[in-house]
Amino acid sequence: MMDILQYSFMRYALMSGIFVGILCPIIGVFLVLKNLSLIADGMAHFSFGGIALGIVLGISPTYMILLFSILGGLLINYVIRRTKLYGDTVIAILLSTGLAIGITIISLARGTNFNINAYLFGSLLAIDEKELMSIILLGIPAIILVIIFYRPLLYITFDEDSAKASGLPVESINILLVILSAVTIAITIKVAGILLTSALIVIPVATGIQISNSFKMTLLSSVVTGIISVILGLIISYYLNIAPGGAIVLVSVLIFLLSISGLFDQKGYYSKT
Amino acid sequence: MSDKILEVRGLYFSYDGENVLEDITFSLDRGEFLGIIGPNGSGKSTLLKLITGILKPDRGEIKLYTDRISYIPQKITSLSYNFPATVEEIVSLGILSKGMLKRISRKDYNLIEQALDKVGLLELKNKRLGELSGGQQQRVHIARAIVSNPELLVLDEPTTGIDIVNQTRFYELLGHLNREMGITVIIVSHDISTIAGEVTTMAYLDKKLHFIGKPKDFFKKILWPIELEDLLNR
């Protein structure tokens, strides 16, 4: 472990990875329980259009990812409410639209020096001090907002109608959740890439739900799972010389499989009263 | 002089251009227990969503003389089944109607325990919601609803899928909240026989409000024998 940390790129990778490991499940728990597990995937793919546009126009892709995933999230939210379509249909349409925009722009701008792989698969090991700072500067306010709005977010996740009847501004809280998700996605794409971002948002939460009896425990165990996945995945990727994004997600899948195997079945653990 | 809690005047609502509610006008005094019955698709749930502000009317007006409203939607127990939260966590959500960012104080925890005690579930407060039976879950939602000391409690078909013994207990609990705590209750049900014993006012809704008044008058003037027979047979 120690020899990994002698390289500054590994230290930055570890720090940004752990940060993402905390942030993703905190937002993901609300998305998963609202039956919107795929929305993060939709927003991440939609932002591919933004990345391509940003590169052609010379605007930093990070800002474009942020802009496009907020836009994508709000569009999904709006279209689901205004049409007769199911959420997954709307997400599928938007996801493909973003990808198509991206592919079209790239094909038009042939010759641009565009490292598409970094965005599709993540570039955790290329994160420098400046990028780590931008991850923290974007992520800390998101975490603070979740702490402040923890109960309203839980209420609209549990039942929007009851929350609305008790006077909560449900639409505004939903928009806040979309924006927080967009920030999370913009940060996570650096670590896991467009293709695996939603894995970090969804899989640790699935594990947490499986082994917990309360919402607090779900949140806590999801975060712990997220952090363990990142650290173990990074160590494995270092020694086996494989892509860290893939290793991290595979570790999280392994932990999830353990959680459904019944080995950690805690039925009655929390409920012994 | 009567003390009104709700006034509805000339209310219209439509889905996709088709009227679901037409010209609904009535008022409700504080302390009443209103039971609304009617066939499927008669606009009962829609009326409750309009009263609670979840939907906005196409035409007409709804005047509520309180902002302390609690609502228990239809089929909430099926939604609770896999939700990873304890009974206490769900009940604590009710505190939020006092203010979205209100922190849960020691005093609030006492209120949560009192509410759970009132519905007879205090000893189950650390259980995961999904581990409880349908009847118990429904009482969790009552506790969530009463923890903020509401003046108006609105329930949509709360006893669907609950056995008859627990249904009766549930309506007794509602009757108790209505009489002892003075909470005005509006309930939608297709089960006329179970609610008839507790309600003080009865309404029959089928797109239009065909009847509203005392339960005994309702049975006396059986105005729509076919629908009623149909209802009783469900």
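Up top you'll find the structure we're talking about.
Residues numbered from 1 in each chain as written. Chains lettered and ligands numbered in written order. Predicted model: local features only at pLDDT ≥ 70, side-chain atom pairs only at ≥ 80, totals over all residues. Heavy atoms only, no water.

Brief notes about the sheet that holds strand β1 (residues 4-15) of chain B
Residues and elements named next belong to chain B.
Item 1. Spatial strand order, β2-β1-β4: 3 strands in an open sheet with antiparallel pairing. The sheet is open, and its two borders are formed by β2 (18-29) and β4 (59-64), each paired with just one other strand. Each strand axis lies, on average, 15 degrees off the axis of its neighbour in the sheet, ignoring direction.
Item 2. Sheet topology places β1 next to β2; 8 bridges connect them, and they run antiparallel. Across the sheet, residue Ser-14 finds its bridge partner in β2, namely Asn-19. (Pairing = 2+ DSSP bridges. Helix = DSSP H or I, 4+ residues; strand = E, 2+ residues; numbered from the N terminus. Axes fitted to C-alpha atoms, helices over the stretch in contact; angles between N-to-C directions.)

Looking at the interface of chain B and chain A
Item 1. Facing the 33 residues of chain B at the interface are 30 residues of chain A.
Item 2. Summed over both partners, the interface of chain B with chain A comes to about 2800 Å²; 65% of that surface belongs to carbon and sulfur atoms.
Item 3. In this structure, Lys-49 of chain B engages Asp-161 of chain A in a salt bridge whose closest nitrogen and oxygen atoms are separated by 3.5 Å.
Item 4. Where chain B touches chain A, the interface holds 9 residue pairs in polar contact (both at pLDDT 80 or more).
Item 5. Looking at the side of chain B that touches chain A, the elements with two or more residues in it are β5 (69-72), α2 (76-80), α3 (87-92) and α5 (134-146) of chain B.
Item 6. Grouping the constituent residues of the side of chain B that touches chain A by class yields 17 nonpolar, 8 polar and 8 charged. (Contact = heavy atoms within 4.5 Å. Buried area = accessible area lost by both parts, 1.4 Å probe. Salt bridge = Lys/Arg side-chain N within 4 Å of Asp/Glu carboxyl O. Polar contact = N/O pair within 3.5 Å; in protein donor to acceptor, adjacent residues only side chain to side chain. Nonpolar A, V, L, I, M, F, W, Y, C, P; charged D, E, K, R; others polar.)

Description of the nonpolar core
Item 1. Core analysis: the largest hydrophobic core is formed by 118 residues, its most contacted members being Phe-215 of chain A together with Ile-142, Leu-155 and Leu-174 of chain B.
Item 2. Considering every element that reaches this core, the biggest residue donor is helix α9 (residues 170-211) of chain A, with 19 residues.
Item 3. When residues no more than four places from it in sequence are discounted, the contact partners of Leu-155 of chain B are Leu-48, Ile-72, Ile-142, Phe-170, Leu-174, Val-185, Ile-186, Ile-187 and Val-188 of chain B.
Item 4. Of all hydrophobic cores here, the second largest spans 25 residues; its members include Leu-6, Leu-50, Ile-54 and Ile-69 of chain B. (Core = buried A, V, L, I, M, F, W, Y, C linked by side-chain atoms within 4.5 Å. Buried < 20%, exposed > 50% of the residue type's maximum accessible area, 1.4 Å probe, protein only.)

Some points on the sheet that holds β5 of chain B
Residues and elements named next belong to chain B.
Item 1. Across the sheet, 6 strands lie side by side as β5-β6-β7-β3-β8-β9; this open sheet has mixed pairing. Both outer strands of the open sheet, β5 and β9 (208-213), are each paired with one neighbouring strand and no more. Sheet twist, expressed as the average angle between the axes of neighbouring strands with direction ignored, equals 15 degrees.
Item 2. Of the pairings in the sheet, the one linking strand β6 (residues 152-156) to strand β7 (residues 184-188) comprises 5 bridges and is parallel in character. Across the sheet, Leu-153 pairs through a bridge with Val-185, a residue of β7.
Item 3. Across the sheet, helix α1 (residues 44-51) lies against β3 (33-37), β5, β6, β7 and β8 (201-206), angled at about 150 degrees from β6, the strand it touches most.

Overview of the pairing of β6 of chain B
All names here are of chain B.
Item 1. Of all 5 residues in β6, 5 are buried; the element is thus mostly enclosed.
Item 2. Side chains Leu-152, Val-154 and Asp-156 project from β6 onto one buried face, and the interleaved Leu-153 and Leu-155 project onto a second face that is buried too.
Item 3. The pairing of β5 with β6 spans 4 bridges and is classified as parallel. Residue Ser-70 lies in a different strand from β6, and its bridge partner there is Leu-153.

Quick look at helix α11 (residues 244-260) of chain A
Residue and element names in this part refer to chain A.
Item 1. Across its 17 residues, α11 extends 25 Å between first and last C-alpha, which sits within 8% of the 24 Å expected from 1.5 Å per residue.
Item 2. Among the residues making up α11, those that are buried are Pro-244, Gly-245, Ala-247, Ile-248, Val-249, Val-251, Ser-252, Ile-255 and Ser-259.
Item 3. Those residues of α11 that are buried are in contact with α9 and α10 (215-240).
Item 4. One or two positions beyond α11, positive phi appears at Gly-262, with a value near 95 degrees. (Expected span 1.5 Å × (residues − 1).)

Describing the packing of helix α2 (residues 37-57) of chain A against helix α3 (residues 61-82) of chain A
All names here are of chain A.
Item 1. The contact between α2 and α3 brings their axes to 7 Å, and the two run at 135 degrees. The angle between the axes of α2 and α3 places the two elements in the oblique class. The two elements α2 and α3 cross, and the hand of that crossing is right-handed. Residues Ile-39, Met-43, Phe-46, Ser-47, Gly-49, Gly-50, Ile-51, Leu-53, Gly-54 and Ile-55 of α2 touch α3, and the partners they reach there are Pro-61, Met-64, Ile-65, Phe-68, Ser-69, Leu-71, Gly-72, Gly-73, Leu-75 and Ile-76. (Parallel < 35°, antiparallel > 145°, perpendicular 65-115°, else oblique. Left-handed = near helix turned anticlockwise from the far one by under 90°.)

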